[in-house]
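The residues making up each chain are set out below.
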Amino acid sequence: GIVGSSLTATAPLSSGNTVNSSTISRNLFIGRRGADVTYLQRCLVKAGVYPEAIVSGYYGNLTTAAVRRFQQKYGISPVGYVGTVTRNQLLSVCG
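Note that the coordinates shown come from a computational prediction; the quantities given were computed from them, not determined experimentally.

**Some words on the overall build of the protein**
Part 1: In terms of regular secondary structure, the protein is built from 3 helices and 0 strands.
Part 2: Scanning the protein from its N terminus toward the C terminus, one meets helices and strands in the order α-α-α.
Part 3: Each of the 95 residues in the protein was classed as buried or not, and the buried ones make up 39%.
Part 4: Put simply, 39% of the contacts in the protein that link residues at least 6 apart link residues at least 24 apart.
Part 5: Element-wise, carbon and sulfur atoms account for 53% of the exposed surface of the protein, whose accessible area totals about 5,100 Å².

Right, dumping it as structure tokens:
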């Protein structure tokens, strides 16, 4: 399960538990927080590239590594941050 105590009060959470309960409309990189990071982390778990499966809403080192694995899996340059190309692939994979 997901333990909510590690989330900050400033990170808005969606009421749904589905991966597509949010979307990504900005570039994501280390240090970012929010519902879009939570969506990203759920999508990375679904894509099988985030074995730690820590869905915290915080973009840290584990998320960066998972994004790199996702990018390698889909032939995107493994830069470790989410820009337009990676965002479009995430939306394609996770809806």
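**A closer look at the nonpolar core**
Part 1: Within the largest apolar cluster, 17 residues are counted, with the highest numbers of intra-cluster contacts made by Leu 28, Leu 40, Leu 44, Tyr 59, Val 82 and Leu 90.
Part 2: In terms of residue count, helix α1 (residues 35–46) provides more of this core than any other element does, 5 residues in total.
Part 3: Setting aside residues no more than four positions away along its own chain, Leu 90 makes contact with Ile 24, Tyr 39, Leu 40, Cys 43, Leu 44, Phe 70, Val 82 and Gly 95.

**Topic: the side chain of Gln 71**
Part 1: By the secondary structure assignment, Gln 71 is in helix α2 (residues 61–73).
Part 2: Under the relative-accessibility criterion, Gln 71 is labelled buried at 0%.
Part 3: Within polar-contact distance, the side chain of Gln 71 engages the side chain of Thr 86 at 3.0 Å.
Part 4: In this structure, Gln 71 is in contact with Ile 76, Ser 77, Pro 78, Val 79, Gly 80, Tyr 81 and Thr 86, ignoring residues within four places of it in sequence.

**Thoughts on the side chain of Ser 56**
Part 1: By secondary structure assignment, the location of Ser 56 is in the loop between α1 and α2.
Part 2: Residue class for Ser 56 comes out buried when judged on its relative accessible area of 16%.
Part 3: A polar contact of 3.2 Å, which involves the side chain of Ser 56, links it to the backbone nitrogen of Tyr 58.

Cut-offs used in this document
- Residues numbered from 1 in each chain as written.
- Predicted model: local features only at pLDDT ≥ 70, side-chain atom pairs only at ≥ 80, totals over all residues.
- Heavy atoms only, no water.
- Helix = DSSP H or I, 4+ residues; strand = E, 2+ residues; numbered from the N terminus.
- Buried < 20%, exposed > 50% of the residue type's maximum accessible area, 1.4 Å probe, protein only.
- Contact = heavy atoms within 4.5 Å.
- Areas by Shrake-Rupley, 256 points an atom, 1.4 Å probe, with all protein chains shown as cover.
- Core = buried A, V, L, I, M, F, W, Y, C linked by side-chain atoms within 4.5 Å.
- Polar contact = N/O pair within 3.5 Å; in protein donor to acceptor, adjacent residues only side chain to side chain.

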